[in-house]
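Examining the three-dimensional arrangement
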Amino acid sequence: METIIVKKSGALNGHLKVNGSKNSILPILAASLLTREKCTLHEIPDLEDVHVMCDLLSNLGAKINKTNNNSLEIQVENIINYEAPYDLISKLRASFLVMGPLLSRINKAKVSMPGGCAIGTRPIDLHLKGFKNLNVDINFNRGYIQAQTEDIIGNNVYLDFPSVGATENLMMVACTAKGKTIIENCAEEPEIIDLANFINSMGGKIEGAGTKTITIVGVDELHGTEYTVIPDRIEAGTYMVAAVLTGGELYIDNVIPAHVQPVIAKLREVGAEVVESRNSVMVRSKGMINSTDIKTLPYPGFPTDMQAQFMLLLSLANGTSVINETIFENRFMHANELLRMGANIKIEGNTAIVNGLNSLTGTKVKATDLRAGAALILAGLVADGETEISEIHHIKRGYADIVEKLQAVGANIAYSM
Ligand code: EPU
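What counts and how
- Residues numbered from 1 in each chain as written.
- Predicted model: local features only at pLDDT ≥ 70, side-chain atom pairs only at ≥ 80, totals over all residues.
- Heavy atoms only, no water.
- Axes fitted to C-alpha atoms, helices over the stretch in contact; angles between N-to-C directions.
- Helix = DSSP H or I, 4+ residues; strand = E, 2+ residues; numbered from the N terminus.
- Parallel < 35°, antiparallel > 145°, perpendicular 65-115°, else oblique.
- Left-handed = near helix turned anticlockwise from the far one by under 90°.
- Contact = heavy atoms within 4.5 Å.
- Nonpolar A, V, L, I, M, F, W, Y, C, P; charged D, E, K, R; others polar.
- Buried < 20%, exposed > 50% of the residue type's maximum accessible area, 1.4 Å probe, protein only.
- Phe/Tyr/Trp six-rings, centres within 6.5 Å; stacked < 30°, edge-to-face > 60°.
- Lys NZ or Arg CZ within 6 Å of the ring centre and 35° of its normal.
- Near = heavy atom within 4 Å.
- Polar contact = N/O pair within 3.5 Å; in protein donor to acceptor, adjacent residues only side chain to side chain.
- Areas by Shrake-Rupley, 256 points an atom, 1.4 Å probe, with all protein chains shown as cover.

1. A word on the packing of helix 1 (residues 22-31) against helix 7 (residues 190-201)
At a minimum axis separation of 9 Å, helix 1 and helix 7 run at an interaxial angle of 30 degrees. With respect to helix 7, the axis of helix 1 lies roughly parallel. Note that helix 1 runs across helix 7; the crossing there is right-handed. Listed contacts from helix 7 to Asn23, Ser24, Pro27, Ile28 and Ala31 of helix 1 are Glu191, Asp194, Leu195, Phe198 and Ile199. Its residues assigned to classes, the contact of helix 1 with helix 7 shows 6 nonpolar, 2 polar and 2 charged.

As structure tokens, then:
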């Protein structure tokens, strides 16, 4: 079984380039089902999740042609299958995002119920409620959702919670609906804006993405396009934490500073220097890590996808910090692994009380999910001795070349069989 071995490293210094956003490319790949014509996509990160989404789309009829390291052409002239099976959905929850485009294109879809995952139960009720509002019949049959419609008809949809996935699925189904759809209390994440921009570049009419209300006027047909995905704000945030944690100075390129404001604000609170440029940020440690409190919230609040990395950082802060996780019900699995490295963390419901210490100790730990795995890699950089991380397939889902990128800025890290 492949593991990652990290040895205590000094300060990380130098330049790192961030890849295209995982959470943008997954819905954008699904949205390429919306047209018969070719879409050319750039800045595609080489990630397990992207490979699984491409496998699913190929099953549905997509012809995918990798044109270079990080670009591909995708064309779905005919949909040859409309089922997303459990084995793919269970590997990649975002495969549920094919439901909206399949309905838009052929008025039917059969998608496995996703089930729970390492960070919580993760229901899909908001997606389904929205589809029903747009005249889609939903039936459950042996673990599958069968959706069909005569015509998708625009309507008003109010989301009880600003779900990222539900907002994306509804934007995709509504873009060829009859009439106008208004999604209220929708998600405002940068990835929502990216998907709307992609669909608009195909001839869609979506307004308001990035605000609480999105208006979509259905069009008859979408056409092919060429599109570049935004940089990954969570990958950027992870390396920003690495700079502060190791007492280093990292220049992180291919970042949109506006997308990482909550992370920048918290890094400044813990005592780091952050300098923003047009497409990059410089993060420099000032030698201390102050405690701070964190509450995860929908964008533009502090991202749940950065919670594990900050729990680690605050484990080495001067004083006590309180972390409140409000997005996912069970996203503290990394706390147990950090405890194995000597951290002092108490979990009470969705709150973690983190008492800062001076050091951690390397040992064998398990990546319980993607962001937990990233936090453990960072922990290994500062823990005494050696840290061996198993279950690294979780990390490969979302961080392309993380070992190579960290090596290049001075980390003592390698894969091991
Ligand atoms: N929720 C419902 N009902 C629904 C949909 C969501 O109750 O129908 C709840 C979820 O159970 C969760 C909360 O709403 O408690 C947020 O879920 P959301 O739908 O916003 O998240 P998602 O679309 O499933 C995306 C990212 C996640 C990221 C979250 C929150 C992708 C592919 N995934 O998930 O990314 O944490 O938004 O920002 O975009 C990651 O990259 O590590 C990751 C988990």
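Having seen it, we continue.
2. A look at unusual backbone geometry
Following tyrosine 299, the chain continues into proline 300 via a peptide bond in cis, with omega recorded as 10 degrees. Considering the arrangement of structural elements, one finds proline 300 in the loop between strand 18 (294-295) and helix 10 (307-315). Phi is positive for asparagine 107, close to 65 degrees, though the residue is something other than glycine. Secondary-structure assignment places asparagine 107 in the loop between helix 4 (99-106) and strand 7 (108-112). Residue asparagine 107 is classed as partly exposed on the basis of its relative accessible area of 24%.

3. Quick notes on the packing of aromatic side chains
For the structure on display, the rule yields 2 aromatic pairs. Both rings, one in phenylalanine 198 and one in tyrosine 227, keep their centres 5.5 Å apart while their planes meet at 70 degrees; by these two values the pair is edge-to-face. Note that phenylalanine 198 is positioned in helix 7 and tyrosine 227 in strand 14 (residues 225-228), a separation of 29 residues in sequence. Its relative accessible area of 12% is what places tyrosine 227 among the buried residues. Considering the side-chain rings of phenylalanine 302 and phenylalanine 310, the 5.1 Å spacing of their centres and the 85 degrees angle between planes classify their relative orientation as edge-to-face. When its relative accessible area of 5% is taken as the criterion, phenylalanine 302 is described as buried. Lying over the aromatic face of tyrosine 144, lysine 110 brings its terminal NZ or CZ to 4.8 Å of the ring centre.

4. Points about the packing of helix 8 (residues 233-245) against helix 10
The geometry of helix 8 relative to helix 10 is characterised by a closest axis approach of 10 Å and an angle of 5 degrees between their N-to-C directions. By the criterion of interaxial angle, the relationship of helix 8 to helix 10 is roughly parallel. In this structure, helix 8 contributes Ile234, Thr238, Val241, Val244 and Leu245 to the contact, and helix 10 contributes Gln309, Phe310, Leu312 and Leu313. Residues belonging to the contact of helix 8 with helix 10 are distributed by class as follows: 7 nonpolar, 2 polar and no charged.

5. Topic: the environment of isoleucine 89
Along the chain, isoleucine 89 turns up in helix 3 (residues 86-91). Sequence separation between isoleucine 89 and aspartate 253 is 164 residues, and the spatial gap between their C-alpha atoms is 33 Å. If sequence neighbours within four positions are ignored, isoleucine 89 has contacts with Ala84, Ser95, Phe96, Val111, Ser112, Met113 and Pro114.

6. Remarks on the site of the ligand
Contacts to the ligand come from 21 residues, most closely from Asp125, Ser163, Asp305, Ile327 and Arg371. Measuring from an oxygen atom of the ligand, one finds a side-chain N or O atom of asparagine 23 at 3.1 Å. Take arginine 331: an N or O atom from its side chain is 3.3 Å from an oxygen atom of the ligand. Relative to its free-state accessible area of 830 Å², the ligand is covered by the protein chains to the extent of 84%. Every element with two or more residues in the shell around the ligand is listed here: helix 1, helix 5 (125-133), helix 6 (164-174) and helix 12 (370-382). Broken down by element, the shell around the ligand gets its largest block of residues, 3 residues, from helix 5.

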